[in-house]
Amino acid sequence: MKTASELHFGERAIISDIDNSHPSFRRILEIGFTPGQEIELVNSSSFNDPLAFALRGTLIAIRKHEADCIILS
Amino acid sequence: MNKASLEKLYLITLVGPPNSGKTTLFNQLSGKNFKTVNYPGSTVEYSTCKIQSKFGIQADILDSPGIISLNPNSPDEEISINSLYNHPEMGSPNLLIATIDVSQISRHLLLSKQLLASGFDVIVVLTMNDILAKRGYEVDENRLAEELGCGVIKVDGRTGKGIEKLISCVKPKLKPDSLENKNYPYKAFENISKEKLLTLYSDIERIERNVIVPISNGSQTNIKKANDKLQILNPSLKYGSNRPDERTLKIDRWLLSRRWGLLFFFIIMAFTFTSIFWLANPFMELVDEFFGYLSTSASELLGNTWYSDLIADGIISGTGSVLVFLPQILILFLILGLLEDTGYLARGAMLIDKPLSKIGLNGKSFVPMLSGFACAIPAMLAARTISNKRERLLTIFIIPLMSCSARLPVYALLIAFLTPADKAWLGGIALAVIYISSIIGSLVVAAIINKFNKKIINAVDSSSFILELPAYRVPKIKNVIRNSIESAKQYIYKAGPIILVLSIAIWFLTYFPNHSPEINTNGLTQEETVQMVKAERLSTSYAADLGKFIQPVMSPLGMDWRIGVSLIAAFAAREVFVSSLAMIFKVTDENNLQSSILFAMKDAVNEETGKPLFTVPTIIGLIVFFIFAMQCLSTVAVSKKETGGWRIPMLQIIIFTTIAYVFSFITVSFLNLVGF
């Protein structure tokens, strides 16, 4: 099962599910990471964490830990 | 604000996600009476003012903090959401204006849908239409109005086009009779389930597909081409409005580059950091000189009486000590405001989040910590941007350890004592060592405090970092200036009175009971007499009693009550240490204060031991003390205000002063032992 934290730079993928056992899952959903949406890993900080994803017309930075609850298809 | 003036006015609250153009709209509507109100007992703040009179509406508008959904994610968000239902000072809004950035309409519709479903009376304003138009699309506002069942108006943030239409939509909503059978909104979205959220989003996506249409009168072929291109790149897209801003992606290739990103970050922050010194310095000197002049004129005018001294040395100098930091606060907020408005600040927070998260801080802690090198007061105000309460309190907690500019005069004096005049570069190195120690010290303290989080910070919040990186844009200078001035006003109104009262208290302690001491004036000039009186008064004052009382504490450091008094006086503000030493060692040459203090310091003898008072160990011990000690009363006052109670400022005083004392003791003992 691949999650958003395992994407390579420039790689796109479609979200299949959000892990609702994760403490931040609701905010992740609310900010627009919903199943069916396409995301692209655009950037990361020099420390490889947080990661910046292109999503729904904008860029969202989230920690790797949070990207782990975004399950890709 | 009193109730009577409120009853006549309607209240319109602006609500929207962060970066949705809410504040721009607020500025276009706003007229007189601009002010910020606090939600009682918290640091959540709102800008409010009357609607511009030319629009002919008697209403207050309230700019609420940006929220993503009606389901709160932090204590501050919960307050923001609750205040939509009922703001304790402003009442419940008669109408909400919800802003939506159309270039990311699917994300921003979430909040509007929730507001409508909760029963609020809402008008939706669409912003950033030009960005969508560049991609060849527009929103069909009539169709969106049908879908949502509320008024939808496009407003251009730059030109203000659409404002008139918005006003004509607002007017009929604000009739007195329309308020009587009003539906009261209810809280429908707390702990919303995943299924409900997904249903909401799929409805939003359906609406999005319906309302976003290609611009019909543009060059059709180009759009078709662009569309085809996007379809090839990304077959899942039904239309081409889903890519982030291309220019932003290009700039980010540099500013967020994995190799150069940190370098750019440090260059930008170094510029910010140094400019709060060199840009602010001339203004600070001006303020200082002005109050010095006022104080001298006042004491000349009022003669040699206690009330003249109260006014000149207590009230005027106290006011001066409040206002002297104003230039730094203004410049700091200006630069940070510009960085935030361009969109860079969010990226800076992202770049530095990882190392800071290791010690319980957040990427957003960086800017407040940096500001702390200018002055802890604006730094603590800047910590408001940290949404996580625990991380915000921890950031505020360690800010006093940053080497603020008020410590500089103290370090300058102490370093000058240590280094020979012909080797000035040694002083530079010493200062660098002091700054680096203060950074390391604060990080270590943060890590330790974080370990004892439950006992000290007493706020549990699961740490997260979810931050939108807004598209780069040219900053709106007018908004930035307005917000900087507002922050500066806040500092004066809220921290000012406390600082003033405490300054007067310190003045009282150093002035009474022996306010007009008798001294032998034979053979002294008038100026010398005045200085002698001052010195005699201080050495017989309550502060001196206090100094003698803490003598047992000072002795282990190899210091006597005179340094103790200066340290007590430095609690008003650190730089007072220098002038207080001057007073206590009867230094009279005001033209060359530093070299005459140095001269007096070299001659000073410890009254207990008979040995020289200022030695290399005691001087280094004093420097160590100043690195850690929580001495600034203004900081205590702001810390109390920003953390909402006395708990954290008290802990700061106790913990930092203890660390300062213990480390200073260890330093002095060690240096004495190795034979300095």
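Residues numbered from 1 in each chain as written. Chains lettered and ligands numbered in written order. Predicted model: local features only at pLDDT ≥ 70, side-chain atom pairs only at ≥ 80, totals over all residues.

How should the overall build of chain A be read in this particular structure?
Assigned secondary structure in chain A consists of two helices and five strands. Computed over the C-alpha atoms, the radius of gyration of chain A is 11 Å, within 12% of the 11 Å expected from 2.2 N^0.38 for a compact globule of 73 residues. Taken over the C-alpha atoms alone, chain A extends approximately 30 × 25 × 20 Å along its principal axes. Every one of the 73 residues in chain A was classed for burial, and the buried ones make up 52%. Partitioning the contacts of chain A with sequence separation of at least 6, the portion at a separation of at least 24 is 52%. (Helix = DSSP H or I, 4+ residues; strand = E, 2+ residues; numbered from the N terminus. Rg over C-alpha atoms; globule rule 2.2 N^0.38 Å. Buried ≥ 20, exposed ≤ 12 C-beta atoms within 10 Å, placed from the backbone. Contact = placed C-beta atoms within 7 Å.)

Hey, could you run me through the overall build of chain B in this one?
In terms of regular secondary structure, chain B is built from 31 helices and ten strands. Here chain B holds 676 residues, and the buried ones make up 45% of them. The long-range fraction of contacts in chain B, counting pairs at least 24 apart against all pairs at least 6 apart in sequence, stands at 72%.

Looking at this structure, how should I read the sheet that holds strand E2 (residues 38–44) of chain A?
Strands belonging to one sheet form pairs held by backbone hydrogen bonds; the direction of such a pair is parallel or antiparallel. Ordered by their spatial adjacency, six strands build an open sheet running E5(A)-E1(A)-E2(A)-E3(A)-E4(A)-E10(B), and the pairing between neighbours is antiparallel. Looking at which strands have only one partner, the edges of the open sheet turn out to be strand E5 (70–72) of chain A together with strand E10 (466–469) of chain B. Neighbour-to-neighbour, the strand axes of this sheet turn through a mean angle of 45 degrees, independent of strand direction. Of the pairings in the sheet, the one linking strand E1 (residues 12–18) of chain A to E2 of chain A comprises three bridges and is antiparallel in character. Bridging from a neighbouring strand, Arg12 of chain A pairs with Glu40 of chain A of E2 of chain A. (Pairing = 2+ DSSP bridges. Axes fitted to C-alpha atoms, helices over the stretch in contact; angles between N-to-C directions.)

Which parts of the structure should I look at to understand the packing of helix H20 (residues 424–451) of chain B against helix H29 (residues 616–628) of chain B?
Two measures define how a pair of helices packs: the angle their axes make with one another and the distance between the axes. Residue and element names in this part refer to chain B. Packing of H20 against H29 brings their axes to within 10 Å, and their N-to-C directions diverge by 45 degrees. Relative to H29, H20 is oriented oblique. Crossing of H20 over H29 shows right-handed handedness. Across the interface between the two elements, Ile434, Ser437, Ser438 and Gly441 of H20 pack against Ile623, Ile627 and Phe628 of H29. Residues that form the contact of H20 with H29 fall into these classes: four nonpolar, three polar and no charged. (Parallel < 35°, antiparallel > 145°, perpendicular 65-115°, else oblique. Left-handed = near helix turned anticlockwise from the far one by under 90°. Nonpolar A, V, L, I, M, F, W, Y, C, P; charged D, E, K, R; others polar.)

Looking at this model, I keep getting lost on the nonpolar core. Mind explaining?
Nonpolar side chains tend toward joint burial in soluble globular proteins. With 187 residues, the main nonpolar core has Ala52 and Phe53 of chain A together with Ile329, Ile377 and Ala569 of chain B as its most contacted residues. At ten residues, the largest contribution of residues to this core is made by helix H14 (residues 326–342) of chain B. If you count residues domain by domain, this core takes at least three from each of domain 1 (3–243) and domain 2 (486–673) of chain B. The contacts of Phe53 of chain A, once residues within four sequence positions are left out, are Ala4, Ile39, Glu40, Leu41, Val42 and Ile60 of chain A. (Core = buried A, V, L, I, M, F, W, Y, C linked by C-beta atoms within 7 Å. Domains from an automatic or database assignment.)

I would appreciate a short explanation of unusual backbone geometry in the present structure.
Backbone geometry follows two general trends: most residues other than glycine have a negative phi, and most peptide bonds adopt the trans configuration. Across the junction of Asp49 of chain A and Pro50 of chain A, the peptide omega takes the value 0 degrees, indicating a cis bond. Residue placement: Pro50 of chain A occurs in the loop between E2 and strand E3 (51–55). Residue Phe512 of chain B is joined to Pro513 of chain B through a cis peptide bond whose omega torsion reads 5 degrees. Position of Pro513 of chain B among the secondary structure elements: in the loop between helix H22 (477–511) and helix H23 (526–539).

Hey, could you run me through the pairing of E1 of chain A in this one?
The two faces of the sheet receive side chains in turn, since in a regular strand these alternate between them. As paired strands, E1 of chain A and E5 of chain A are joined by three bridges and run antiparallel to one another. Residue pairing across strands places Ile18 of chain A opposite Ile70 of chain A, the latter belonging to E5 of chain A.

What am I meant to see in the interface of chain B and chain A here?
By a widespread convention, an interface's size corresponds to the accessible area lost as its parts come together. In this assembly, 37 residues from chain B lie in contact with 32 residues from chain A. Residue assignment for the side of chain B that touches chain A shows that the elements contributing at least two residues are helix H4 (105–117), helix H8 (194–211), helix H10 (246–255), helix H11 (261–278), helix H15 (344–357) and E10 of chain B. If you tally residues by element for the side of chain B that touches chain A, the top one is H15 of chain B, at five residues. Looking at the side of chain B that touches chain A, its residues break down into 16 nonpolar, 13 polar and eight charged. Bridging between strand E4 (residues 58–62) of chain A and E10 of chain B involves four bridges; their strand directions are antiparallel. The residue bridging Ile60 of chain A from the neighbouring strand is Glu468 of chain B, located in E10 of chain B.

Whenever I open this one, helix H31 (residues 647–673) of chain B confuses me. Can you help?
Since the α-helix turns once every 3.6 residues, residues separated by three or four places project in the same direction. Residue and element names in this part refer to chain B. With 27 residues, H31 extends 39 Å between its outermost C-alpha atoms, agreeing within 8% with the 39 Å of an ideal straight helix rising 1.5 Å per residue. If you check which residues of H31 are buried, you get Ile648, Pro649, Gln652, Ile653, Phe656, Ala660, Ser664 and Val668. Contacts made by the buried residues of H31 are with helix H18 (389–398), H29 and helix H30 (633–643). (Expected span 1.5 Å × (residues − 1).)

What is the right way to look at the confidence of the model for chain B in this model?
Low pLDDT means the predicted coordinates in that region are not meant to be read closely. All names here are of chain B. Per-residue pLDDT for chain B has a mean of 82; in total, 88% of the residues score no lower than 70. Confidence, expressed as mean pLDDT per element, reaches its minimum in chain B at helix H1 (residues 3–8) with 46 and its maximum at strand E6 (residues 122–127) with 95. Low pLDDT, under 50, characterises residues 1–7; the predicted model gives this stretch three contacts beyond four residues in sequence or across chains. Segment residues 231–241: pLDDT under 50, and 21 contacts once partners within four positions in sequence are set aside and those in other chains are kept. (pLDDT = per-residue confidence, 0-100.)

Is there a simple way to explain the confidence of the model for chain A in this structure?
Predicted confidence across chain A gives a mean pLDDT of 91, with 100% of residues reaching 70 or more. When the elements of chain A are averaged for pLDDT, helix H1 (residues 25–30) of chain A gives the smallest value, 90, and E5 of chain A the largest, 95.

Before we go on, may I ask you to explain the environment of Cys632 of chain B in this structure?
Residues and elements named next belong to chain B. By the element assignment, Cys632 lies in the loop between H29 and H30. Judged by local crowding, Cys632 falls into the buried class, with 27 C-beta atoms found within 10 Å. Linking Cys632 and Ala406, residues 226 residues apart in sequence, is a C-alpha distance of 9.1 Å. Discounting chain neighbours no more than four positions away, the residues touching Cys632 are Ala376, Ala406, Ala573 and Arg574.

Help me understand the environment of Ser317 of chain B, please; the structure alone is not making it clear to me.
Looking at the element boundaries, Ser317 of chain B is found in helix H13 (residues 306–323). Residues Ser317 of chain B and Asp63 of chain B, 254 residues apart in the sequence, show an inter-C-alpha distance of 37 Å.

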